Amino acid sequence: MSVFLYNAEMEEPEKIRQEDEPVYKDRSLIYMGVGLGVLILIMGYLTLFVDDPWKIFRSEDKPEKVIDDGSSALLNKSKSMNDDEVRASLVKFIEAFYYDQRKGYFDPPSYFAKITETFYNYHNLNYQRLKDLYWRRMADMHNFSRSWIVSSLDFDRSGDRIIATYWAKESYFRPSVREQYSADIKYEMIIDAEGKIVSLRDVDLRNEVINKVEPDSTSAPQLDIPADGEAAHGGDMKVYDMNNVDQAPEFSGGQRELSKYVSNAIRYPAAARQNNVQGKVYLGFIVEKDGSITDIKVKQGLGNGCDEEAVRVLRNSPKWKPGQVKGNAVRTYCVLPISFQLEM
């Protein structure tokens, strides 16, 4: 039989060793808090300053460019492209070119060579001359509309150039001569090896229609305008024809601002929309010396509520810049077409 003798002194050194060991604090909560704070800061930055935080996890989608300032333009590769590929690139190029113009944007460096050989029969133009010529043409083309016919597109290759031709339907009102013009125009566009336009001109014309819009005798009673442009009212009541003033009346900001105002202010009448009524309402009116609009009359209407809506839009128009004769503001008779066109 074995006997175990307990000796208290045997356990004492072990207790002393345990009491002498250092005590370590648990820092896991601190590390967790720091990590959570960093995560919150990152998420806050991505939310406030990055439009699409998830794009960093996606491969970048590079949009296909219609034109490019460098050598990578689609049309630069025309020599190695088949006819279908060239046609598709031309359609994109021409559509982008006209889309920018419809939005009131015309930036020659985006589309034209540094020196353009031909632009509407004007030759060897730099960027500034291109812009001047374009806006000078558009100043007398109110309510301009163009739709180019994609199916009419044809092209040939001449060395490193592409010669494209296509038909476009155009219509506009020329206030300087009171003419409503419309025609089918065939254009020739030559594009060089850098994908830039070096020539743009009209080469054929068909279905040309020119309608003279005469002042309506009912729109301004007793407005018998003699050759010198003055009406027989005498004194401050004289009314000048728009073609016989030194400076014609103008909407503040020009034709582009007028088009913006009309498009934003017009409300398509329900009856006209229901009956698919489209076209132009011609309004005769007087721009007073202070730029206000008076004596608005419908010269040629569409009915179905369009006439009344056109009058409302013009009546609520901001003041115009008045016509001037010899530096003095004068009352001026004007004609304005307002278009009603349903979106397809």
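Residues numbered from 1 in each chain as written. Predicted model: local features only at pLDDT ≥ 70, side-chain atom pairs only at ≥ 80, totals over all residues. Heavy atoms only, no water.

### So, the confidence of the model for the chain
Then, number 1: On average, the chain scores 78 in pLDDT, and the residues at 70 or more come to 75%.
Then, number 2: Here residues 61-72 scores under 50 on pLDDT; set against residues more than four positions off or in separate chains, the count is 19 contacts.
Then, number 3: Low pLDDT, under 50, characterises residues 216-235; the stretch is placed with 29 contacts to residues that sit more than four places away or in other chains. (pLDDT = per-residue confidence, 0-100. Contact = heavy atoms within 4.5 Å.)

### A closer look at the sheet that holds strand S4 (residues 161-174)
Hydrogen bonds between backbone atoms are what pair the strands of a sheet, whose relative direction is either parallel or antiparallel.
Then, number 1: Ordered in space as S2-S1-S6-S5-S4-S3, the six strands form an open sheet in which the pairing is mixed. Every interior strand has two partners, whereas the edge strands, strand S2 (122-125) and strand S3 (142-158), have only one. Direction aside, the axes of adjacent strands within the sheet are offset by 15 degrees on average.
Then, number 2: Here strand S1 (residues 116-119) pairs with strand S6 (residues 197-212) via two bridges, running parallel. When the bridges of S6 are listed, Thr-118 appears paired with Ser-199.
Then, number 3: Contacts from helix H5 (residues 127-138) reach S1, S2 and S3 within the one sheet, and its direction differs from that of S2 by about 145 degrees. (Pairing = 2+ DSSP bridges. Helix = DSSP H or I, 4+ residues; strand = E, 2+ residues; numbered from the N terminus. Axes fitted to C-alpha atoms, helices over the stretch in contact; angles between N-to-C directions.)

### Description of the layout of surface pockets
Then, number 1: Put simply, the second largest pocket is a space of about 180 Å³.
Then, number 2: Forming the boundary of the second largest pocket are Tyr-120, Asn-121, Arg-137, Met-141, Glu-170, Tyr-172, Tyr-181, Ile-185, Tyr-187, Asp-202, Asp-204 and Leu-205.
Then, number 3: When residues of the lining of the second largest pocket are traced back to their parent elements, those giving at least two are S4, strand S5 (179-191) and S6. (1 Å grid on protein atoms, 1.4 Å probe; cavity = no way out; pocket = protein on both sides within 12 Å on 5 of 7 lines; lining within 4 Å. Points joined across faces, edges and corners; volume = space filled by probe spheres on them.)

### Things to note about helix H6 (residues 255-265)
Then, number 1: Within H6, burial applies to Gln-255, Leu-258, Tyr-261, Val-262 and Ala-265. For H6, the buried positions fall inside an angular range of 120 degrees around the axis, keeping them on one side.
Then, number 2: Looking at the buried residues of H6, the elements they touch are S3, strand S8 (250-251), helix H8 (306-315), strand S11 (320-321) and strand S13 (328-340). (Buried < 20%, exposed > 50% of the residue type's maximum accessible area, 1.4 Å probe, protein only. Arc of directions from axis to C-beta.)

### Regarding a nonpolar patch on the surface
Then, number 1: A grouping of Ile-30, Tyr-31, Val-34, Val-38 and Ile-42 is seen on the molecular surface, where their side chains present a nonpolar patch of about 500 Å² in accessible area.
Then, number 2: Turning to its location among the elements, Ile-30 is positioned in helix H2 (residues 28-49). (Patch = residues over 30% accessible without salt bridge, like charges linked within 9 Å, V, L, I, M, F, W, Y side chains within 5 Å. Areas by Shrake-Rupley, 256 points an atom, 1.4 Å probe, with all protein chains shown as cover. Salt bridge = Lys/Arg side-chain N within 4 Å of Asp/Glu carboxyl O.)

### Describing unusual backbone geometry
Then, number 1: The phi torsion at Asn-124 lies on the positive side, around 50 degrees, for a residue other than glycine.
Then, number 2: Tracing the backbone shows Asn-124 in strand S2.
Then, number 3: At Asn-304, a position not held by glycine, the phi torsion is positive, near 55 degrees.
Then, number 4: For Asn-304, the location among the structural elements is in the loop between strand S10 (293-300) and H8.
Then, number 5: Taking the relative accessible area as the measure of exposure, Asn-304 reaches 33% and is therefore partly exposed.

### Brief notes about the environment of Tyr-127
Then, number 1: Mapped onto the secondary structure, Tyr-127 falls in helix H5.
Then, number 2: For Tyr-127, a relative accessible area of 26% translates into the label partly exposed.
Then, number 3: Setting aside residues up to four positions removed in sequence, Tyr-127 forms contacts with Pro-108, Pro-109, Phe-112, Ala-113 and Lys-114.

### Structural notes on the packing of aromatic side chains
Then, number 1: The final tally for this structure, using the stated rule, is 21 aromatic pairs.
Then, number 2: Their ring planes at 65 degrees and their centres at 5.8 Å tell us that Phe-173 and Tyr-282 sit as a pair that is edge-to-face. Linking Phe-173 in strand S4 with Tyr-282 in strand S9 (residues 279-287), this pair joins segments that are 109 residues apart in sequence. One exposure class covers both Phe-173 and Tyr-282, and it is buried.
Then, number 3: We note Arg-137 situated over the ring of Tyr-120; from NZ or CZ to the ring centre the distance is 3.8 Å. (Phe/Tyr/Trp six-rings, centres within 6.5 Å; stacked < 30°, edge-to-face > 60°. Lys NZ or Arg CZ within 6 Å of the ring centre and 35° of its normal.)

### Digging into the nonpolar core
Then, number 1: With 34 residues, the main nonpolar core has Phe-97, Phe-119, Tyr-166, Met-189 and Leu-200 as its most contacted residues.
Then, number 2: Looking at this core, the elements that each hand over two or more residues are helix H3 (83-102), H5, S3, S4, S5 and S6.
Then, number 3: Residue contacts for Met-189: discarding those within four places in its chain leaves Phe-93, Ile-94, Phe-97, Ile-162, Ile-163, Ala-164, Tyr-166, Ile-197, Ser-199 and Leu-200.
Then, number 4: Counting residues in each nonpolar core, the second largest holds 26 residues, with Leu-258, Tyr-261, Cys-306 and Ile-338 among its members. (Core = buried A, V, L, I, M, F, W, Y, C linked by side-chain atoms within 4.5 Å.)

### Some words on H5
Then, number 1: In this model H5 runs 17 Å from its N-terminal to its C-terminal C-alpha over twelve residues, within 8% of the 16 Å that 1.5 Å per residue would give.
Then, number 2: Among the residues of H5, Leu-130, Leu-133, Tyr-134 and Met-138 are the ones counted as buried. Buried residues along H5 cover an arc of 130 degrees about the axis, so they all sit on one side.
Then, number 3: Those residues of H5 hidden inside the fold are in contact with H3, helix H4 (108-111), S1, S2 and S3.
Then, number 4: Here H5 starts with a cap whose side-chain oxygen sits 3.3 Å from the backbone nitrogen of Gln-128, and that cap is Asn-126. (Expected span 1.5 Å × (residues − 1). Polar contact = N/O pair within 3.5 Å; in protein donor to acceptor, adjacent residues only side chain to side chain.)

### Some remarks on the pattern of salt bridges
Then, number 1: Scanning the model with the defined rule gives ten salt bridges in all.
Then, number 2: Of the charged contacts in the structure, one is a salt bridge between Arg-102 and Glu-95, with a shortest N-O distance of 3.0 Å.
Then, number 3: Judged by relative accessible area, which is 31%, Glu-95 ranks as partly exposed.
Then, number 4: Here Arg-146 and Glu-170 are joined by a salt bridge, their closest N and O atoms 2.9 Å apart. With a gap of 24 residues between them, Arg-146 in strand S3 and Glu-170 in strand S4 connect regions that are remote in the sequence. Neither residue differs from the other here; Arg-146 and Glu-170 are each classed as buried.
Then, number 5: Each of Lys-169, Asp-184 and Arg-206 takes part in one network of salt bridges that share partners.

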